[in-house]
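Here's the letter readout for the chains.
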Amino acid sequence: MEGSWEGFLDLIGLTQDIRQKTELKTLIEFPLAEPKPDLLISLLDCTRSIYGSEKCKIFWWYESSCIKGKNISNPFTKIISKDDLIYIQSLWERIAGDYILFLPEDFNAKFDTSDEEEFIGIA
């Protein structure tokens, strides 16, 4: 399962019936990975059309410490909407190069790892 979307689905604990309906894809390309307001608004519009809610949950990891030469990342979540555009831009810039997942507001994942690439399934 290493390096696969199936690994990601395993880690977040989706049931088999939900997994069969799951489709993971990139919704919007961000040139130069810049969180420009118009692109973020488009992304939030996409999440609203997919999830049926003005709000969604963002999920990200933040490197909080280094123990014995190994960086330790912790997962964080926050419910956001278009009103949080400045927050999203700031977070995006602060964790540049790392992952932010935009998930349904009521999404609850299990956390068996603190490594974001392992969590996403592309380690």
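Our structure is the block above this text.
Predicted model, so just to flag it, every value in this text is computed and none were measured.

Peer 1: Quick question: what am I supposed to make of helix 4 (residues 85-94) here?
Peer 2: Spacing of three or four residues puts side chains on the same side of an α-helix, whose turn is 3.6 residues. When we look at burial in helix 4, the residues that qualify are Leu85, Ile88, Gln89, Leu91 and Trp92. Taken around the axis of helix 4, the buried residues stretch over an arc of 165 degrees, which confines them to a single face. Structural note: helix 4 exposes Ile86 and Glu93 on the side pointing more than 90 degrees away from its buried face.

Peer 1: Honestly, the pattern of salt bridges in this entry has me stumped. Any pointers?
Peer 2: Two side chains with opposite charge may pair up if their charged atoms get near one another. Tallying each qualifying case throughout the model produces three salt bridges. Residue Arg48 is joined to Asp45 by a salt bridge in which the shortest nitrogen-to-oxygen separation is 3.3 Å. With a gap of three residues between them, Arg48 and Asp45 both fall in helix 3 (residues 37-51), about one helical turn apart. The class of Arg48 is partly exposed, set by a relative accessible area of 33%. Its relative accessible area of 25% is what places Asp45 among the partly exposed residues. For the salt bridge of Lys82 with Asp45, the shortest nitrogen-to-oxygen distance reads 2.5 Å.

Peer 1: Explain the nonpolar core here, please?
Peer 2: Most often, soluble globular proteins keep nonpolar side chains buried together rather than apart. One finds Phe30, Leu44, Ile58, Ile80, Ile100 and Phe102 to be the most contacted residues of the largest nonpolar core, which totals 17 residues. Counting only elements with at least two residues in this core, the list comes to helix 3, strand 1 (56-67), helix 4 and strand 3 (100-104). Of all hydrophobic cores here, the second largest spans five residues; its members include Phe59, Trp61, Leu103 and Phe107.

Peer 1: Please explain helix 3 as it appears in this structure.
Peer 2: For helix 3, which comprises 15 residues, the first-to-last C-alpha distance of 21 Å matches the rise-based estimate of 21 Å (1.5 Å per residue) to within 8%. Taken together, the buried positions of helix 3 are occupied by Leu39, Leu40, Leu43, Leu44 and Thr47. Each buried residue of helix 3 lies within a common arc of 140 degrees when the element is viewed along its axis, so the set occupies one face. Residues of helix 3 that are exposed and point over 90 degrees away from its buried face: Asp38 and Ser49. One or two steps after helix 3, the chain reaches Gly52, where phi turns positive at roughly 75 degrees.

Peer 1: Would you mind going over the environment of Glu105 with me for this structure?
Peer 2: Within the secondary structure, Glu105 sits in the loop between strand 3 and helix 5 (116-120). Expressed as a C-alpha distance, the spacing of Glu105 and Lys78, which sit 27 residues apart in the sequence, is 8.9 Å. A distance of 3.5 Å separates the side chain of Glu105 from the side chain of Ser53, its partner in a polar contact.

Peer 1: So what exactly am I meant to see when it comes to the packing of aromatic side chains here?
Peer 2: Pairs of aromatic rings are described using the distance from one ring centre to the other and the angle between the two planes. One pass over the structure, following the stated rule, counts two aromatic pairs. Judged by centre distance (4.6 Å) and plane angle (45 degrees), the ring pair of Phe30 and Trp92 falls under tilted. Placement of Phe30 in the loop between helix 2 (16-21) and helix 3 and of Trp92 in helix 4 is noted, with a sequence separation of 62 residues between them. On the accessibility criterion, Phe30 (15% relative accessible area) is buried. The exposure class assigned to Trp92 is buried, which follows from its relative accessible area of 17%. The interplanar angle of 25 degrees and the centroid separation of 5.9 Å between the aromatic rings of Trp60 and Phe76 together place this pair among those described as stacked. Here the residue Trp60 occupies a position in strand 1, and Phe76 occupies one in strand 2 (residues 70-80), the gap between them amounting to 16 residues. Residue classification places Phe76 among the partly exposed residues on the basis of a relative accessible area of 36%.

Calculation criteria
- Residues numbered from 1 in each chain as written.
- Predicted model: local features only at pLDDT ≥ 70, side-chain atom pairs only at ≥ 80, totals over all residues.
- Heavy atoms only, no water.
- Buried < 20%, exposed > 50% of the residue type's maximum accessible area, 1.4 Å probe, protein only.
- Helix = DSSP H or I, 4+ residues; strand = E, 2+ residues; numbered from the N terminus.
- Arc of directions from axis to C-beta.
- Salt bridge = Lys/Arg side-chain N within 4 Å of Asp/Glu carboxyl O.
- Core = buried A, V, L, I, M, F, W, Y, C linked by side-chain atoms within 4.5 Å.
- Expected span 1.5 Å × (residues − 1).
- Polar contact = N/O pair within 3.5 Å; in protein donor to acceptor, adjacent residues only side chain to side chain.
- Phe/Tyr/Trp six-rings, centres within 6.5 Å; stacked < 30°, edge-to-face > 60°.

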